[in-house]
Structure formats: C-alpha cells, structure tokens
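# Summary of structural features
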Amino acid sequence: MANYISKLITRYFSKRHNADTEIKIQQWLIDGEHSAEKNEALSQIWAQINGKADKNVYASLRAVNAKIGKTSSKSWFLKNTLPRVAAVIVPFLVFAGVWVYQANHIEIIEVATLASEQREIRLPDGSTVWLNACSKISYPAKFSDSVRNISLTGEAYFSVVRNEKKRFEVVVENLTVEVLGTQFNLKAYPEDELVTTTLTSGKVAVLLPEEKYTLRPNQELVYNTADKSATVQGVSDNSTNWRDGSLIFTELTIGEIFKELERRFDVRFDYSQSTLPNDRYSIKFTNKEELPQILNVIQDVTGGGF
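Residues numbered from 1 in each chain as written. Predicted model: local features only at pLDDT ≥ 70, side-chain atom pairs only at ≥ 80, totals over all residues. Heavy atoms only, no water.

It is worth spelling out the pattern of salt bridges at this point. Side chains bearing opposite charge may pair, as long as their charged atoms lie close to each other. Per the stated rule, a full pass over the model turns up ten salt bridges. For Arg 167, the salt bridge goes to Glu 169, with nearest N and O atoms at 3.5 Å. For Arg 167, a relative accessible area of 35% translates into the label partly exposed. The network of salt bridges with common partners includes Lys 187, Glu 191, Asp 192, Lys 259, Glu 260 and Arg 263. (Salt bridge = Lys/Arg side-chain N within 4 Å of Asp/Glu carboxyl O. Buried < 20%, exposed > 50% of the residue type's maximum accessible area, 1.4 Å probe, protein only.)

As structure tokens, then:
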C-alpha cells in the first residue's frame with residue numbers, strides 16, 4: 001500500500017493525471033485515511049526538491065504551537081511539535097513549492113539572426129519586431145500583468161501594440177526604452193560605441209544611467225558609451241529603412257561604416273582601426289546596391305583616404 005501511495009502522489013506532482021483525477025487526489029490527500037503513508041511520500045518529495053525550513057516556516061510552526069497550547073521551548077518545539085504538525089505543514093510546503101516554481105518558471109524565447117539575415121517576429125501581445133543582422137532578442141512566452149519586458153542585443157525596429165495598463169520595456173546593455181504603444185528603432189551592438197534610439201511615431205522615454213529623455217517623432221537619441229554623453233537630434237523619416245534593404249550612414253566614421261557592411265554582407269575587412277581617418281560621413285544607399293558598388297561610392301566620397 002505504501003508503495004502504491006508513493007507512486008500515486010509522485011505521478012500527481014509530475015502532472016501525469018487528468019484534471020478530474022487531480023481534484024480527487026487533492027481531496028484524498030487531506031482526508032485522514034492512510035495519513036502515515038501519505039506523510040512519508042510527501043516528505044520524500046520535499047527532500048528531493050531540497051526544501052529547507054527558514055525562519056518564516058518556524059514562525060508559522062510556533063503559531064500552530066501556540067494555538068494548541070504547547071510551550072515555546074525551541075528544543076521541545078523541534079522534538080515534539082514538528083512531527084505532529086508535519087501532516088499539515090509538509091503538504092502545504094510541497095504544494096506551495098510546486099506552485100511557486102510553476103508561477104516563476106516562465107519560458108524565455110530567444111531569436112537571433114546571422115550576418116546578412118533579417119527576421120520578423122510577432123510577440124505575445126501582438127507587437128511586431130524586425131530584427132536586423134547579427135542581433136538577438138529575448139522575451140517571455142507570456143508577459144506579466146504589469147510590464148512587457150524585452151532584451152535586445154544588436155538592432156531592431158519595434159511596432160508596439162498600445163496598452164495603457166502594461167508598458168513595453170526594451171533593455172540593452174547601457175539603457176532602457178519605455179513605451180506604451182509606438183514605433184521606434186533601437187540600435188545597440190556591443191562592438192559599437194554609439195547606442196541609437198530613433199522614434200518614428202508615438203512617444204518613448206529613454207532611461208540612461210545619468211538621465212531620462214523623452215523623444216518625439218523623427219527624433220533620435222545617440223548615446224556614447226565611451227564618454228557617457230547623449231545627443232538628441234532630428235532625423236529624416238526614412239532613417240530606419242534598413243528593413244527594405246536600404247543602407248543609410250549618418251555621421252559615421254569609416255570604421256563604423258565597415259562594421260555595418262560586415263554585418264549586412266557577411267564579409268570581413270582587413271584593416272587597422274588606428275590607420276583610419278576619424279572624419280564622419282553621411283551616405284545613403286536606397287536601391288539595394290551590391291557591395292562593390294557601395295565600396296566604389298565610399299571610395300569616391302572619402303577620397304580613398306584609408
């Protein structure tokens with residue numbers, strides 16, 4: 001009988017019964033029949049999940065002890081009261097432990113792109129994310145009741161479904177962007193000094209370590225991770241058109257342009273950063289030009305000084 005009870009309870013905590021059977025087992029667990037065997041099985045399960053009694057557990061047991069009129073001696077309490085209330089406390093702790101594990105064990109989804117690859121992702125709330133090359137996004141399979149948390153490495157364009165009760169929060173290494181519903185681009189590659197947030201519509205709040213900024217449509221915030229400086233500037237409405245194959249370089253050095261091209265075309269340039277000029281260039285490629293064409297234009301614009 002003891003072995004059968006142990007198997008039955010173990011199957012219950014392994015979620016191997018249907019809903020109706022689970023309800024019957026719950027009712028059976030709290031009745032008085034075969035209490036010793038049930039206690040033993042529950043104690044074994046509790047031991048397997050490494051449960052340890054902390055001060056809150058002992059406080060609860062002292063309250064039970066007071067209710068039944070026993071003394072408050074700790075040694076007497078551990079020796080006599082603990083075994084007597086085990087039939088109540090152990091099942092409660094097991095149930096609580098399983099519930100807390102299930103409530104907090106939320107599946108995290110990760111989507112990553114390779115060089116020259118882009119992907120469109122639909123989030124649990126219906127929002128859409130376009131992920132640029134060499135990027136990664138992480139998010140829970142189910143958002144919490146108060147916030148929609150996203151983690152980003154690289155570059156992504158977000159079209160966020162508005163929800164007044166649940167803000168949308170994108171976290172990168174050096175800042176956080178908070179919105180309710182809007183469209184914006186966030187670029188934060190680990191190898192780049194600049195983190196750029198560009199707003200297309202709506203309103204976003206950019207939380208830096210030192211300050212908070214609010215952006216309006218066609219504004220972008222450029223945060224320099226090296227010197228911790230931030231600049232808000234106006235941008236054109238096509239500055240985030242990398243999704244349709246456009247390449248738009250705004251005030252970038254040759255080294256920064258090379259990094260963009262490496263991610264876009266899955267190539268590697270052999271150069272020394274120290275030998276490149278520090279001049280900044282703004283160049284647009286909107287006709288899906290091939291790499292040789294782009295390099296020829298860059299050569300002409302810069303005068304080949306690299």
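Take helix H6 (residues 254-265) next. For H6, which comprises twelve residues, the first-to-last C-alpha distance of 16 Å matches the rise-based estimate of 16 Å (1.5 Å per residue) to within 8%. Counting buried positions over the twelve residues of H6 gives ten, a clear majority of the element. Among all positions in H6, only Ile 254, Gly 255, Glu 256, Ile 257, Phe 258, Glu 260, Leu 261, Glu 262, Arg 263 and Arg 264 are buried. In this structure, the buried residues of H6 make contact with strand E8 (183-188), strand E9 (194-201), strand E14 (247-252), strand E15 (281-285) and helix H7 (291-302). (Helix = DSSP H or I, 4+ residues; strand = E, 2+ residues; numbered from the N terminus. Expected span 1.5 Å × (residues − 1). Contact = heavy atoms within 4.5 Å.)

Moving on: the packing of aromatic side chains. Aromatic ring pairs are reported here in terms of the distance separating the ring centres and the angle at which the planes meet. All chains considered together, the criterion is met by five aromatic pairs. Geometrically, the ring pair formed by Phe 258 and Phe 269 is stacked, given 4.7 Å between the ring centres and 20° between the ring planes. One end of the pair, Phe 258, is in helix H6; the other, Phe 269, is in the loop between H6 and E15, with eleven residues separating them in the sequence. Residue Phe 258 is classed as buried on the basis of its relative accessible area, which comes to 5%. Exposure remark for Phe 269: the relative accessible area of 21% places this residue in the partly exposed category. Of the aromatic side chains, those joined through ring pairs into one cluster are Phe 158, Phe 168 and Phe 184. Geometry around Trp 130 places Arg 243 over its ring, the cationic atom sitting 5.0 Å from the centre. (Phe/Tyr/Trp six-rings, centres within 6.5 Å; stacked < 30°, edge-to-face > 60°. Lys NZ or Arg CZ within 6 Å of the ring centre and 35° of its normal.)

Turning our eyes to something else, we now look at the nonpolar core. Counting 30 residues, the largest nonpolar core has Ile 137, Ile 150, Phe 158, Leu 175, Phe 184 and Leu 186 as the members making the most contacts within it. Among residues more than four places away in sequence, those in contact with Leu 175 are Val 170, Leu 186, Val 195, Thr 197, Val 206, Leu 207, Leu 208 and Tyr 223. (Core = buried A, V, L, I, M, F, W, Y, C linked by side-chain atoms within 4.5 Å.)

Its place among the elements puts Glu 256 in helix H6. Of the polar contacts made by the side chain of Glu 256, one reaches the side chain of Arg 280; its length is 2.9 Å. What Glu 256 contacts, discounting residues up to four positions off in sequence, is Leu 194, Glu 251 and Arg 280. (Polar contact = N/O pair within 3.5 Å; in protein donor to acceptor, adjacent residues only side chain to side chain.)

Per-residue confidence for the protein gives a mean pLDDT of 78, with 64% of residues at or over 70. The least confident element of the protein is helix H5 (residues 74-104), whose mean pLDDT is 49; the most confident is strand E3 (residues 128-131), at 97. Overall, residues 72-85 carries pLDDT values under 50, and its contacts beyond four positions in sequence, including any with other chains, amount to 18 contacts. (pLDDT = per-residue confidence, 0-100.)

On to H7, then. Between its terminal C-alpha atoms H7 stretches 16 Å, which fits the 16 Å expected from twelve residues at 1.5 Å a residue. Of all the positions in H7, only Leu 291, Ile 294, Ile 298 and Thr 302 are classed as buried. The arc that holds the buried residues of H7, viewed along the axis, is 60°, so those residues lie on one side. Projecting away from the buried face of H7 at angles above 90 degrees are the exposed residues Pro 292 and Asp 300. (Arc of directions from axis to C-beta.)

Here six bridges tie strand E12 (residues 219-224) to strand E13 (residues 229-234), and the two strands are oriented antiparallel to one another. Counted as the bridge partner of Tyr 223 is Ala 230 from E13. Hairpin connection, E12 to E13: the antiparallel pair is bridged by four residues, and Lys 228 has positive phi, about 65°. (Pairing = 2+ DSSP bridges.)

A few words on the pairing of strand E4 (residues 136-140). In terms of burial, E4 is a largely internal element, four of the five residues being buried. Relative to E4, strand E1 (residues 108-112) runs antiparallel, the two being bridged by five bridges. Looking at E4, one finds that Glu 110 is bridged to Ser 138. Pairing between E4 and strand E5 (residues 147-159): three bridges, direction antiparallel. The partner of Ile 137 across the bridge, within E5, is Leu 152.

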